Amino acid sequence: MGLWVLAHECGHGAFSKNKTIQDTVGFVLHSILLVPYYSWQRSHAVHHKFTNHMELGETHVPERLDGRDEGSFARRESFIKAFGEENGLVGWGVLQAFLHLVVGWPAYLLIGATGGPARGVTNHFWPDPLTTPDQPKKELFPGQWKEKVFKSDVGIAAVVGALAAWAICDGPAEVMALYGGPLIVINAWLVLYTWLQHTDVDVPHFTEDEHNYVKGALHTIDRPYDKLDPWGLIDFLHHKIGSTHVAHHFDSSIPHYKAQAATDAIKEAYPEIYLYDPTPIPEAFWRVCKGCVAVEQRGDKFIWNNEGLEEQVL
């Protein structure tokens, strides 16, 4: 967990003033985690710029509710009709937990899953969009980033080659036990905390006309991982990235060891608009799994639709 946070800081320019050291450490750590360094550096910067943006958001962009008879909203309704309200929501929640925690991260890298529609289908290992984007001038990897995507692929190829050699020498079971299994856990953890940082049943999203950088940062959510782990091990391992994330979205160049001070300053300066949800992580996660399905426009915001299910979801 901690290595992923340090790799993440390399991508933001928060690890070292020496760019060579920073990119070397970031490239190696990302490659070991099977994440293309420069590709992710670019896509993650886009995520920060367009947080909670309905068209240009890069991750965790909600599905629009265009009709109650189609899409994820209709599929949740079919679960409820088949199994009853309570059991149907449980089944839907379990499905969403699996899709996000197990399938979500590789799906994001390979097809840009949960990204906004403006850039089409994207792939972190190939610089050009896989489908025609709605806004070609907003493609994910423009200009010099195309070459950097291929540079990132070299690191991934080296790690995949090393893993193949390891499997040939000592067997695939050992590779899965010592590398594959832990990687699946790390990826699930990554999706869990990023999903909860940017999603909840009462957190809105915005159109291009209504969105701006500060509004995106102020709709990021800090959460209390100490309730899940009163000994502080989780906060220690991921350097409090889940409970200081609003500050990170205000200024991503702040290193993790200064993030708590920045968070305290934001709380003091903006107590009425700083988002902190004290709900324990398992409870918040389950609420998001059941209730964050599709959004509909209400005024200048897009709001999650859970009409008639408030008691079960909220």
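In this text the structure is predicted, and so the values were computed from the model without any measurement. (Residues numbered from 1 in each chain as written. Predicted model: local features only at pLDDT ≥ 70, side-chain atom pairs only at ≥ 80, totals over all residues. Heavy atoms only, no water.)

## Considering the overall build of the protein
Keep this limit in mind: Helix numbering and strand numbering both begin at the N terminus, where a helix is a DSSP run of H or I of at least 4 residues and a strand a DSSP run of E of at least 2. Radius of gyration here uses only the C-alpha atoms, and the compact-globule reference equals 2.2 Å multiplied by the residue count raised to the power 0.38. Note on areas: Shrake-Rupley, 1.4 Å probe, and residue coverage restricted to the protein chains presented here. When charges are counted, Lys and Arg are positive and Asp and Glu negative, with His and the chain ends excluded. By convention, the charge on Lys lies at NZ, on Arg at CZ, on Asp at CG and on Glu at CD.
Per the secondary structure count, the protein includes 14 helices and 3 strands. By the compact-globule yardstick of 20 Å for 314 residues, the protein fits well, its C-alpha radius of gyration being 20 Å. Based on the C-alpha atoms only, the size of the protein along its principal axes is roughly 55 × 50 × 45 Å. With the model as given, the accessible surface of the protein reaches about 15,100 Å², and the carbon-plus-sulfur share is 62%. Averaging the positions of the 25 positive and the 38 negative side-chain charges in the protein gives two centres separated by 5 Å.

## Re unusual backbone geometry
Negative phi values dominate among residues other than glycine, just as trans dominates among peptide bonds. Put simply, the test is: Three labels apply to residues, based on accessible area from a 1.4 Å probe with only protein chains included: buried if under 20% of the type maximum, exposed if over 50%, partly exposed otherwise in between.
Located in the positive-phi region is Thr114, a residue other than glycine, with phi close to 75°. Take Thr114: it is sitting in the loop between helix H5 (85–111) and helix H6 (145–170). The phi dihedral of His239 falls on the positive side, at around 55°, and the residue is not glycine. The residue His239 is located in the loop between helix H10 (233–237) and helix H11 (245–250) in this model. For His239, a relative accessible area of 23% gives the class partly exposed.

## Things to note about the nonpolar core
As a reminder of what qualifies: The definition of a nonpolar core used throughout is a set of buried Ala, Val, Leu, Ile, Met, Phe, Trp, Tyr and Cys residues joined through side-chain atoms within 4.5 Å. Note on contacts: a residue pair qualifies if any of its non-hydrogen atoms lie within 4.5 Å across the two residues.
Counting 43 residues, the largest nonpolar core has Trp4, Val35, Trp105, Trp189 and Phe285 as the members making the most contacts within it. Mapped by element, the contributors of at least two residues to this core are helix H1 (2–12), H5, H6, helix H7 (172–198), helix H13 (281–291) and strand S3 (301–304). Sequence-distant contacts of Trp4, defined by excluding residues within four places in its chain, comprise His30, Leu33, Val35, Trp40, Trp105, Ile186, Trp189 and Leu190. In this structure, Cys10, Tyr37, Val46 and Leu140 belong to the second largest nonpolar core, which totals 11 residues.

## What to know about the environment of Thr220
The test is simple: Polar contact criterion, stated in full: a pair of N or O atoms within 3.5 Å, where within protein one must be able to donate a hydrogen and the other to accept it, and residues adjacent in sequence count only if both atoms are side-chain atoms.
Topologically, Thr220 is positioned in the loop between helix H8 (213–218) and helix H9 (225–228). From its side chain, Thr220 meets the backbone oxygen of Gly216 in a polar contact 3.3 Å long.

## Here's the deal with the environment of Asp134
Following the sequence through the fold, Asp134 ends up in the loop between H5 and H6. When the C-alpha positions of Asp134 and Arg119 are compared, they lie 6.1 Å apart, and in sequence the two are 15 residues distant.

## Looking at H6
So the rule is basically this: In this scheme, a helix's expected span is set at 1.5 Å multiplied by one less than its residue total.
Helix length check: H6 (26 residues) gives 38 Å between terminal C-alpha atoms against 38 Å at 1.5 Å per residue, within 8%. Of the residues making up H6, those classed as buried are Trp145, Val149, Ser152, Asp153, Gly155, Ile156, Val159 and Leu163. On the buried face of H6, the contacting elements are helix H2 (19–32), helix H3 (37–49) and H7. The first or second residue beyond H6 is Gly171, which carries a positive phi of 95°.

## Some thoughts on the sheet that holds S3
Note the following rule: Strands were regarded as paired on the criterion that DSSP finds at least two bridges between them.
Strands sit in the order S1-S2-S3 across an open sheet of 3 strands; the sheet is mixed. Of all the strands in the sheet, just strand S1 (63–64) and S3 have a single pairing partner and so form its edges. With 2 bridges connecting them, S1 and strand S2 (residues 294–298) associate as parallel partners. Its bridge partner lying in S2, Glu63 is registered against Ala294.

## Some remarks on the confidence of the model for the protein
Any residue range with low pLDDT should be treated as having predicted coordinates unsuitable for detailed reading. We count it as follows: For every residue, the pLDDT score states the predictor's confidence, bounded by 0 at the bottom and 100 at the top.
Scored by pLDDT, the protein has a mean of 93; 100% of the residues are at 70 or more. Model confidence for the protein, summarised as mean pLDDT per element, is weakest for H9 at 78 and strongest for H6 at 97.

## Some points on the packing of H2 against H6
Condition: Think of each axis as a best-fit line through the C-alpha atoms, taken over the contacting stretch in the case of a helix, with angles from 0 to 180 degrees between the N-to-C directions. Put simply, angles under 35 degrees are roughly parallel, angles over 145 are roughly antiparallel, angles from 65 to 115 are roughly perpendicular, and the rest are oblique. Here a crossing is taken to be left-handed if its near helix is turned anticlockwise relative to the far helix by less than a right angle, and right-handed if that turn runs clockwise. For this scheme, ten residues count as nonpolar: Ala, Val, Leu, Ile, Met, Phe, Trp, Tyr, Cys and Pro. Four count as charged, namely Asp, Glu, Lys and Arg, and the remainder, Gly too, count as polar.
Direction vectors running N to C along H2 and H6 enclose 50°, while the axes themselves pass 8 Å from each other. Taken together, H2 and H6 sit at an angle that is classed as oblique. In this structure, H2 crosses over H6, and the sense of that crossing is right-handed. Contact with H2, carried on its side by Phe27, Ser31 and Ile32, involves Lys151, Ser152, Gly155, Ile156 and Val159 of H6 and no other residues of that element. Looking at the contact of H2 with H6, its residues break down into 4 nonpolar, 3 polar and 1 charged.

## Quick word on the pattern of salt bridges
The condition is simple: For this analysis, a salt bridge means a side-chain nitrogen from Lys or Arg found within 4 Å of a carboxyl oxygen belonging to Asp or Glu.
Scanning all chains against the criterion turns up 12 salt bridges. With its nearest N and O atoms 2.7 Å apart, the salt bridge here joins Asp23 to Lys19. Of this pair, Asp23 and Lys19 both sit in helix H2, 4 residues apart, which is roughly one turn of the helix. Asp23 gets classed as buried once you look at its relative accessible area, which sits at 11%. We note a salt bridge from Arg298 to Glu307, for which the minimum N-O separation is 3.5 Å.

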